[in-house]
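# Architecture and fold: a report
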Amino acid sequence: MLSDAEIARQIASSKGPSGLNRDYFAHLADALRALGESDSHIDRIEQELMTLPAE
């Protein structure tokens, strides 16, 4: 099982046909907050992503 930091590094360095995975993940986290939902795993990964430089 990957750590939150490893998952964040993978997201930060990946992209697909629709764009950067980092952007997709940020939209997911924002959408959950807008719905009043909370997911601690998403929150932890988001915090890890914020410490990584944009590629």
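As shown above, the structure is provided for reference.
Our subject in this report is the structure included herewith. These numbers were taken from a predicted model, which means no experiment stands behind them. (Residues numbered from 1 in each chain as written. Predicted model: local features only at pLDDT ≥ 70, side-chain atom pairs only at ≥ 80, totals over all residues. Heavy atoms only, no water.)

### Some points on the overall build of the chain
Tallying secondary structure elements over the chain gives three helices and two strands in all. Ordered by position from the N terminus, the helices and strands of the chain form the series α-β-β-α-α. Along the longest, intermediate and shortest principal axes, the C-alpha atoms of the chain span 30 × 25 × 20 Å. Here the chain holds 55 residues, and the buried ones make up 24% of them. Across the chain, the fraction of contacts at a sequence separation of at least 24, relative to all contacts at a separation of at least 6, is 59%. Accessible surface computed for the chain: about 4100 Å², of which carbon and sulfur atoms make up 56%. Looking at charge distribution, the chain has the averaged site of its 5 positive side-chain charges lying 5 Å from that of its 10 negative ones. (Helix = DSSP H or I, 4+ residues; strand = E, 2+ residues; numbered from the N terminus. Buried < 20%, exposed > 50% of the residue type's maximum accessible area, 1.4 Å probe, protein only. Contact = heavy atoms within 4.5 Å. Areas by Shrake-Rupley, 256 points an atom, 1.4 Å probe, with all protein chains shown as cover. Lys, Arg positive; Asp, Glu negative; His and termini not counted. Charge placed at Lys NZ, Arg CZ, Asp CG, Glu CD.)

### Observations concerning the pattern of salt bridges
The final tally for this structure, using the stated rule, is three salt bridges. In this structure, D30 and R33 form a salt bridge, with 2.7 Å as the shortest nitrogen-oxygen distance. Residue D30 and its partner R33 are located together in helix α2 (residues 21–34), separated by three residues, close to a single helical turn. Its relative accessible area of 41% is what places D30 among the partly exposed residues. Ionic contacts of the salt-bridge type, sharing partners, join the residues D30, R33 and E46 into one network. (Salt bridge = Lys/Arg side-chain N within 4 Å of Asp/Glu carboxyl O.)

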